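Survey of secondary and tertiary structure
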Amino acid sequence: QSSSPTPQPESDEISVNSSHTTSLSIDDDGLVIAEDSDVGEFDSTTAENILLTNFWKSCVSGALDEVQGILAEWSIDVNTPNRTGFTALHQAAFAGQAQVVEYLLKSAKANPNLTGAMGWTPLHLAASAGHANVVQVRSSLQQAMLSAYH
C-alpha cells in the first residue's frame, strides 16, 4: 500500500546559519533569536513586555506605521534588547526591513553599534542574511553624518 507524504504547513520562518554554526531565526513570538544563545527569562505576560514584543514584531514585519505609532504613543527605549540580546534595529535589519531600519536610525536614534547574540551588530545581521538594501541604508546614513561634520 502506497501512502502519500503528509503535507507540511507553510512557514514564514527566516533562517541564517553563520560560520559560527549558530542558527538565527524568527521565533513564534516574531522575535529574532539565536538558537544556541543563553536565552534569558522573558515574562511575555507583563504589559511592558507585551508592548515590546508588539514593537519588535512590527520591526520584523516592516510595519513602519505601527513602529511610528508605538513610539509616538509609548515611552519605549528602542535599544532595549529581546531575550537573546537583539534590539529592534537588529530585528529589522535581519528581516531586511530597510524603511524601518532607516526610521530607527534617523528618527528614533537607535544605536547601530550595540551587539546581540554572537557579538553581532545590526549591520552584521543584515549582511549575513543577504539584505544589501539594509546595508546600503546604513552606509548612506553614515556618509551623510560624516559629511555634516566636515
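Read on for an overview of the structure. The model shown is predicted, which means the values in this text are computed figures rather than measured ones. (Residues numbered from 1 in each chain as written. Predicted model: local features only at pLDDT ≥ 70, side-chain atom pairs only at ≥ 80, totals over all residues. Heavy atoms only, no water.)

The subject of this paragraph is the packing of helix α1 (residues 47–61) against helix α2 (residues 64–73). Two elements in contact, α1 and α2, have axes separated by 8 Å at closest approach and are oriented at 150 degrees. With respect to each other, α1 and α2 are oriented roughly antiparallel. The chirality of how α1 crosses α2 is left-handed. Counting all contacts with α1, which are made through L51, N54, F55, S58 and C59, the residues of α2 involved are E66, V67, I70 and L71. Split by residue class, the contact of α1 with α2 holds six nonpolar, two polar and one charged. (Axes fitted to C-alpha atoms, helices over the stretch in contact; angles between N-to-C directions. Helix = DSSP H or I, 4+ residues; strand = E, 2+ residues; numbered from the N terminus. Parallel < 35°, antiparallel > 145°, perpendicular 65-115°, else oblique. Left-handed = near helix turned anticlockwise from the far one by under 90°. Contact = heavy atoms within 4.5 Å. Nonpolar A, V, L, I, M, F, W, Y, C, P; charged D, E, K, R; others polar.)

Moving on to the pattern of salt bridges. Opposite charge on two side chains permits pairing when their charged atoms draw close. Summed over all chains, the structure comprises one salt bridge. Of the charged contacts in the structure, one is a salt bridge between E102 and K106, with a shortest N-O distance of 3.3 Å. Within this pair, E102 and its partner K106 are both found in helix α4 (residues 98–106), separated by four residues, close to a single helical turn. The partly exposed category is assigned to E102, whose relative accessible area is 32%. Under the relative-accessibility criterion, K106 is labelled partly exposed at 45%. (Salt bridge = Lys/Arg side-chain N within 4 Å of Asp/Glu carboxyl O. Buried < 20%, exposed > 50% of the residue type's maximum accessible area, 1.4 Å probe, protein only.)

As a further point, take α1. With 15 residues, α1 extends 21 Å between its outermost C-alpha atoms, agreeing within 8% with the 21 Å of an ideal straight helix rising 1.5 Å per residue. Remark: G62 follows α1 within two positions and exhibits a positive phi of approximately 85 degrees. (Expected span 1.5 Å × (residues − 1).)

Moving on: the nonpolar core. Core analysis: the largest hydrophobic core is formed by 24 residues, its most contacted members being F55, C59, V67, L71, I76, V101 and L104. Listing elements by their share of this core, those giving two or more residues are α1, α2, α3 (88–94), α4 and α6 (132–148). A total of six residues in this core trace back to one element, the largest contributor, which is α4. Dropping the residues within four chain positions of it, F55 is found in contact with V67, I70, L71, I76, V78, A88 and L104. Residues F86, F94, A117 and L125 belong to the second largest nonpolar core, which totals five residues. (Core = buried A, V, L, I, M, F, W, Y, C linked by side-chain atoms within 4.5 Å.)

Tracing the sequence through the fold places Q91 in helix α3. Expressed as a C-alpha distance, the spacing of Q91 and W56, which sit 35 residues apart in the sequence, is 7.0 Å. For Q91, the side chain forms a polar contact with the main-chain oxygen of F86, separated by 3.4 Å. (Polar contact = N/O pair within 3.5 Å; in protein donor to acceptor, adjacent residues only side chain to side chain.)

This part covers the side chain of T121. Within the fold, T121 resides in the loop between α4 and α5 (122–128). Among all residues touching T121, those that are not within four sequence positions of it are H90, P112, N113, L114 and T115.

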